[in-house]
Amino acid sequence: SSGINAEYGDTPDGFIKLNDKIEEIEKAHGGEKRFRLFYLALPPSVFIPVCTQLKNNCWIESNNAECRVIVEKPFGRDLESSNVLAQAITALFNEQEIYRIDHYLGKEMVLNLMILRFGNELFRSVWNRERISCVVITFKEPFGTYGRGGYFDTNGIIRDVMQNHLLQILCLVAMERPVSVDASDIRDEKVKVLKFIKPLELDDVVLGQYVANPDGPSDDSKHGYRDDPGVPNDSKTATYACAKLQIDNDRWAGVPFIMKCGKAMNERKAEIRVQFKDTPSDIFGSKCQRNELVIRVQPNEAVYCKMNVKSPGMSFEAEESELNLTYHERFEHIDLPDAYERLILDFILGTQTNFVRTDELAEAWRIFTPLLHKLDAGAKTPVEYKYGSRGVATADEFIQKSGFKFSGTYKWSAAKK
């Protein structure tokens, strides 16, 4: 490996040096066809000048050459800024050359959603508003933002996690069966789902901001969000958010999709929880709890289904148990690739299935932009929650009012040999 030191921006000098270096490597390795792959992990403010200079100085327009570019999030701050970036980039490159990366789309269990849904007949007839009460998509991190709070304060948890990672998962859970597994067919269905979602209002969200926990186990837990020198003392930036979205189509009308995400929480976890409706005409004295299908994205990748069974022994009481597929137990000799490994391989191979298309990005920003503008203007103050807690207490009430039923009688644990 090798590299060059150069400034990026409106001047071409650094990109000319970059092109000279690439040509030197290409001549040394030979080959009939040339591939140039560019990975942009840059602030959005320099996307346009960098892409312009790449196009003018490093791009090859030839039948025996192929160039592609990866763009890391954030893809703007709202619909308007995202559209400006999209228009500028699509004026330089065609859609087949642009790869907007969201690493959650490369995670094993997120990729598994397609086969789980469309490869198993047992889910087809129950994957709708007639059988499902609600869907909860959760993202938790057990650490705060101390030391990088200045950057986080300009974005907040909604822009950082919810508008991209969690919304992409929602699309895969809710979309209709695509015509094929071709990238364009899958992304067409994701866009259709997004078009059925109305923009969020202030009443659709619960917000939180973590404070220090003097009794916490780590030095980081002793720092609240606003203790970071880079964060203003009066910051209203949310580090926790819980939002309710409605998909107003025939399949999902009336089913709430809850998205929760937060920093400095009690555990590291990302999961999808599909809760089914109560069993009609219950003959067991209301002792049977709702069935749930849970896809554990991280850690301990798993798919498990909560179900009611007879208690072992002489009794005829119902209790909760599960059908459990824990990946590291069932596939113990398989080393799951990192999400970025998988997506960069897709990028090299020219597979766009797990990357975000321009119209998909626009629809995502349409849903969140009105809410974000109100929050940026200080329209809602986040509720404080203690570092290492489950988050904002009122969020539990919000979720239950939205349709989720919490029994508190069951806790999943990974299988052990």
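A. Region of interest: the pairing of strand S10 (residues 302-310). As defined by bridge partners, strand S9 (residues 292-298) adjoins S10 across five bridges and the pair is classed as antiparallel. Among the inter-strand pairings, Glu292 is bridged to a residue of S10, identified as Lys306. If you look at the hairpin formed by S9 and S10, you'll find three residues sitting between the two strands, and Asn300 has a positive phi there, around 55°.

B. The layout of surface pockets, seen in detail. Estimated volume of the second largest pocket: approximately 580 Å³. Around the second largest pocket, the lining comprises 25 residues; the ones closest to its centre are Leu18, Ile22, Leu37, Phe38 and Tyr39. Where the lining of the second largest pocket is concerned, the elements lending two or more residues are helix H1 (13-29), strand S1 (34-40) and helix H2 (47-57). The residue inventory of the lining of the second largest pocket, partitioned by class, reads 16 nonpolar, four polar and five charged.

C. Quick peek at helix H11 (residues 358-376). Its axis deflected by about 45° at Phe368, H11 carries its strongest bend there, up to four residues before the proline Pro370. For H11, the complete set of buried residues consists of Glu360, Leu361, Glu363, Ala364, Trp365, Ile367, Phe368, Thr369, Leu371, Leu372 and Leu375. Of the residues one or two after H11, Gly378 is the one with positive phi, at around 85°.

D. Inspection of helix H10 (residues 339-349) at higher detail. The complete set of buried residues in H10 reads Ala339, Arg342, Leu343, Asp346 and Phe347. Seen end-on, H10 carries its buried residues on one side only, within an arc spanning 140°. Among the exposed residues of H10, those pointing more than 90 degrees away from its buried face are Glu341 and Leu349. For H10, the secondary structure elements touched by its buried residues are S1, strand S2 (65-72), strand S3 (98-101) and helix H4 (108-118). The N-cap residue of H10 is Asp338: its side-chain oxygen and the backbone nitrogen of Tyr340 are 2.9 Å apart. Of the residues flanking the end of H10, it is Gly350, one or two places downstream, whose phi is positive at about 80°.

E. Fine view of the sheet that holds strand S11 (residues 318-326). The mixed open sheet is built from nine strands, whose spatial order is S11-S10-S9-S8-S4-S7-S6-S5-S12. Every other strand in the sheet has two partners, leaving S11 and strand S12 (383-386) as the edge strands with one partner each. Averaged over all pairs of adjacent strands, the angle between strand axes in this sheet comes to 20°, irrespective of strand direction. Across six bridges, strand S4 (residues 132-140) lies against strand S7 (residues 256-262) in parallel orientation. If you follow Val135 over to S7, its bridge partner there is Phe257. On the sheet, H4 packs against strand S8 (269-276), S9 and S10 and is oriented at approximately 145° with respect to S9. Its contacts with the sheet put helix H12 (residues 393-402) on strand S5 (205-211), strand S6 (240-246) and S7, and the angle it makes with S6 is roughly 10°.

F. Summary view of the environment of Thr11. Its place among the elements puts Thr11 in the segment before H1. When its relative accessible area of 45% is taken as the criterion, Thr11 is described as partly exposed. As a C-alpha pair, Thr11 and Leu336 span 325 residues in sequence and 42 Å in three-dimensional space.

Rules behind the numbers
Residues numbered from 1 in each chain as written. Predicted model: local features only at pLDDT ≥ 70, side-chain atom pairs only at ≥ 80, totals over all residues. Heavy atoms only, no water. Pairing = 2+ DSSP bridges. Helix = DSSP H or I, 4+ residues; strand = E, 2+ residues; numbered from the N terminus. 1 Å grid on protein atoms, 1.4 Å probe; cavity = no way out; pocket = protein on both sides within 12 Å on 5 of 7 lines; lining within 4 Å. Points joined across faces, edges and corners; volume = space filled by probe spheres on them. Nonpolar A, V, L, I, M, F, W, Y, C, P; charged D, E, K, R; others polar. Bend = angle between axes of the 7 residues up to and from the residue. Buried < 20%, exposed > 50% of the residue type's maximum accessible area, 1.4 Å probe, protein only. Arc of directions from axis to C-beta. Contact = heavy atoms within 4.5 Å. Polar contact = N/O pair within 3.5 Å; in protein donor to acceptor, adjacent residues only side chain to side chain. Axes fitted to C-alpha atoms, helices over the stretch in contact; angles between N-to-C directions.

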